[in-house]
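Below are the chains, spelled out letter by letter.
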Amino acid sequence: MKKSILFTISAAVLMLAASCQKTIVENEKGSGFLSFSEFSLGLDESVTTKAAAGANYVVIVTDDEGNEAYHANYSDAVNNGNKISLPAGNYTLTARSQEEAESIAEFDAPVYGVTKEFSITAGQTTTIGELVCTLLQCKVTVSYSDEFLAAVTGPGSTKVSVTAGYPLEYSLSADGVYDQRAGYFAVNGSTMEVVFSGGIDGKTQKMIKSFKGIAPKQWRQIKFVQKKNEQG
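In this text the structure is predicted, and so the values were computed from the model without any measurement. (Residues numbered from 1 in each chain as written. Predicted model: local features only at pLDDT ≥ 70, side-chain atom pairs only at ≥ 80, totals over all residues. Heavy atoms only, no water.)

### Thoughts on the pattern of salt bridges
So the rule is basically this: The working definition used for a salt bridge is a side-chain nitrogen of Lys or Arg within 4 Å of a carboxyl oxygen of Asp or Glu.
All chains considered together, the criterion is met by 1 salt bridge. Among the salt bridges present, the one from Asp179 reaches Arg181, with a minimum N-O distance of 2.9 Å.

Printed below as a string of structure tokens:
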């Protein structure tokens, strides 16, 4: 009886909002202050376990034209007299777990971060409370059912792409040992392509499938199962 490969996938989407103190939205001439006295970074651990946000997190403040107005490590920001002077206007604070933005696709390289818009009013102090950093990428793992692994007769791999041309390849050996690392993908669109190729029941098999709705803070768990085609 002829057999066919069936893809199944599940995804956990975490929707966690940052809790921040409201800021004044007026825009006046002169300068005001951004206070870090109540500033702290928390970390959502729902996707993958990681230590609490620490001194290595980078804090960047940009104005409404994208010009950088402040750049420091988290520990320096909260210990630098607890406040900085900024011209009145609208700003964005970004905090993330590494200096550079995340790579397009990489194994075992999660990047956490958060963004908060705020305004500075002349002669007044704006405070920012706790911000919750969440995963900036889509996490992807690959697994296979026992029945599928029993049918493996040659080496293979599963290639996953979220950005076209930048796949991660999860290897599968002829004896059923497979790559269980987590891949982390920058989300530049909303489609993920999965390509399997390998030896199944003595033949080279290949299957391609796309999935929609890809977004940051998701864990996409790709699992291959094999079932019989009852119609032959």
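### Side note on the environment of Thr141
This is how it is decided: A run of DSSP states H or I qualifies as a helix once it reaches four residues; a run of E qualifies as a strand once it reaches two. Both are numbered from the N-terminal end. By the convention used here, residues are in contact when the closest approach between their heavy atoms is within 4.5 Å. Here a polar contact is taken to be a pair of N or O atoms separated by no more than 3.5 Å, where protein atoms must pair a possible hydrogen donor with a possible acceptor and residues adjacent in sequence count only if both atoms sit in side chains.
By the element assignment, Thr141 lies in strand E12 (residues 138-144). Taking the C-alpha atoms as reference points, Thr141 and Trp219, separated by 78 residues in sequence, lie 7.8 Å from one another. For Thr141, the contacting residues outside a window of four places in its chain are Tyr170, Arg181, Ala182, Trp219, Arg220, Gln221 and Ile222. Within the local environment of Thr141, its side chain forms a polar contact with the side chain of Trp219, the two groups lying 3.0 Å apart.

### Digging into the nonpolar core
Put simply, the rule is: We define the nonpolar core as a collection of buried residues of types Ala, Val, Leu, Ile, Met, Phe, Trp, Tyr and Cys that are connected through side-chain atoms lying within 4.5 Å of one another. Each residue's exposure class comes from its accessible area (1.4 Å probe, protein chains only) as a fraction of the maximum for that residue type: buried when under 20%, exposed when over 50%, partly exposed otherwise.
Leu34, Phe36, Phe39, Leu41, Leu93 and Phe118 are the most contacted members of the largest nonpolar core, which has 28 residues in total. Going through the elements one at a time, strand E3 (40-43), strand E4 (58-63), strand E5 (68-73), helix H1 (74-79), strand E6 (83-87), strand E7 (89-96), strand E9 (112-120) and strand E11 (130-135) are the ones with two or more residues in this core. Within the second largest apolar cluster, 23 residues are counted, among which are Phe107, Leu149, Val152 and Met192.

### A look at the sheet that holds E11
Here is the rule: Pairing between two strands requires that DSSP report at least two bridges joining them. Lines are fitted to the C-alpha atoms to define the axes, a helix being fitted only along its stretch in contact, and any angle between axes, read from their N-to-C directions, falls within 0 to 180 degrees.
What the 6 strands build is an open sheet, ordered E3-E11-E9-E7-E4-E5; its pairing is mixed. Each end of this open sheet is capped by a strand with a single partner; those strands are E3 and E5. Between one strand axis and the next, the sheet turns through 25° on average, direction left out of account. With 6 bridges connecting them, E4 and E7 associate as antiparallel partners. Looking at the pairing, Val58 lines up with Arg96 of E7.

### Digging into the confidence of the model for the protein
Note the threshold: Each residue gets a pLDDT score, which is the predictor's confidence in that residue and runs from 0 to 100.
A residue-level look at the protein finds 81% of positions with pLDDT of 70 or above and a mean pLDDT of 82. A low-confidence stretch, residues 1-28 stays under pLDDT 50, and its non-local contacts, those more than four residues away or across chains, total 88 contacts. Counted against residues more than four places away or in other chains, residues 48-53, with its pLDDT under 50, gives 11 contacts.

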